[in-house]
Amino acid sequence: VVSVSQKLDLGRYFLFASPFLFLLIGYGLTQLGGPSRLVSLAILLLTAGFGIRSYERVGARDSDYRPVASARAHDSSGASAILVQPPEAAEPLSYYLRHERTPPVRVVPSRAPITGALPDSPGTRSWLVLDYRSPHYNASPDSLHASVGVDVVSDRYVAGAGGGVRLVLLETREGR
C-alpha cells in the first residue's frame, strides 16, 4: 500500500529496509560475546547517529512520474504524441499512463535530435517529458525553442518527490 500510494523518496525506502536491517544487526549482536558486544553496539549507535543527522541532506534523484501522469489525465491540449527523453524514462511514464487515454509515447534517444520524433504536420502539438538525465533538462525555453525548432507553448517542472520532471508542450510550426 505504501509503495503504490506514496511518492518515491528516501523515507519510503527506509521504511521497507530498516526492520530487516535491525533484525540482522540484533542477531549479529546476540552472537557476539562479552566486551566485543558492547564495543560493536557503541560503534553501531555512533554511525547510526551520524547517518540519521545527515539523512535530510541526501537528495533523492528518482524522478516521480505520477504528477506527470496526473497532468496528462487532465490535459486538454490536443497533443498527438508524448516524447520522452532519456529512453529509460519511457517505461515508468508508460506504467503510470497505462489506464489513461493518451497519445503514443515516443522514445527520443539522448544523443538524437528531438526534431526527428516530432509530428510533421504544422500546428501539431506534442508533450516533451524530460528528466534530469536529459541534455535538455536545464535548457532555457528560448534555447529549447532554437535547438528543437518548434514553438514552446507551455513549460513547467513537475516535482512530486526526488528529481523533478520537466513537462514541455511543443507546437510544430510551418517550414521547420
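Given the structure is predicted, the values throughout are model-derived calculations rather than measurements.

A. Expanded view of the overall build of the chain. Looking only at helices and strands, the chain has six helices and five strands in total. Counting the 176 residues in the chain, one finds 31% classified as buried. When contacts within the chain are restricted to residue pairs at least 6 apart in sequence, long-range pairs at least 24 apart make up 65% of them. Accessible area of the chain: about 10,600 Å², with a carbon and sulfur share of 59%.

B. Representation of the packing of aromatic side chains in the model. Taken as a whole and assessed by the stated rule, the structure comprises two aromatic pairs. With a centroid separation of 5.1 Å and 75 degrees between ring planes, the pair formed by tyrosine 95 and tyrosine 96 is classed as edge-to-face. Both rings, one in tyrosine 137 and one in tyrosine 157, keep their centres 5.4 Å apart while their planes meet at 85 degrees; by these two values the pair is edge-to-face. Residue tyrosine 137 is located in the loop between strand S3 (125–131) and helix H6 (141–148), and its partner tyrosine 157 is located in strand S4 (residues 151–158); the two are separated by 20 residues in the primary sequence. Directly above the aromatic system of tyrosine 95 lies the positively charged group of arginine 98, at a separation of 4.0 Å from the ring centroid.

C. Inspection of unusual backbone geometry at higher detail. Each neighbour pair has its own omega, and for glutamine 85 with proline 86 the value is 5 degrees, a cis peptide bond. Inspection of the secondary structure puts proline 86 in the loop between strand S1 (81–85) and helix H5 (90–96).

D. Fine view of the sheet that holds S3. As summarised here, the arrangement of the five strands in space is S2-S1-S3-S5-S4, forming an open sheet in which the pairing is mixed. Only two strands of the sheet have a single neighbouring strand rather than two, namely strand S2 (105–107) and S4. Strand-to-strand twist of the sheet, defined as the mean angle between neighbouring strand axes without regard to direction, takes the value 25 degrees. Across seven bridges, the pairing between S4 and strand S5 (residues 165–171) is antiparallel. Looking across to S5, one finds that arginine 156 is bridged to leucine 167.

E. Examining the nonpolar core more closely. Core analysis: the biggest nonpolar cluster contains 16 residues, and Tyr65, Val68, Ile82, Val84, Leu93 and Val129 have the highest contact counts within it. Where this core is concerned, the elements lending two or more residues are helix H4 (66–73), S1, H5, S3 and S5. Top element by residues in this core is S5. It accounts for three residues. Those residues in contact with valine 84, other than ones at most four positions away along the chain, are Ala89, Ala90, Leu93, Val105, Arg106, Val107, Val108 and Val129. Within the second largest apolar cluster, 14 residues are counted, among which are Ile114, Ala117, Leu144 and Val150.

F. Spotlight on the pairing of S1. Burial of S1 is extensive: five of the five residues sit out of reach of the surface. Neither face of S1 is exposed, since Ala81, Leu83 and Gln85 on one face and Ile82 and Val84 on the opposite face are all buried. As paired strands, S1 and S3 are joined by five bridges and run parallel to one another. Note on S3: the bridge partner recorded for leucine 83 is leucine 128. Bridge count for S1 against S2 is three bridges, and the pairing is parallel. Bridge assignment links leucine 83 to a residue of S2, and that residue is arginine 106.

Reading guide: rules and limits
Residues numbered from 1 in each chain as written. Predicted model: local features only at pLDDT ≥ 70, side-chain atom pairs only at ≥ 80, totals over all residues. Heavy atoms only, no water. Helix = DSSP H or I, 4+ residues; strand = E, 2+ residues; numbered from the N terminus. Buried < 20%, exposed > 50% of the residue type's maximum accessible area, 1.4 Å probe, protein only. Contact = heavy atoms within 4.5 Å. Areas by Shrake-Rupley, 256 points an atom, 1.4 Å probe, with all protein chains shown as cover. Phe/Tyr/Trp six-rings, centres within 6.5 Å; stacked < 30°, edge-to-face > 60°. Lys NZ or Arg CZ within 6 Å of the ring centre and 35° of its normal. Pairing = 2+ DSSP bridges. Axes fitted to C-alpha atoms, helices over the stretch in contact; angles between N-to-C directions. Core = buried A, V, L, I, M, F, W, Y, C linked by side-chain atoms within 4.5 Å.

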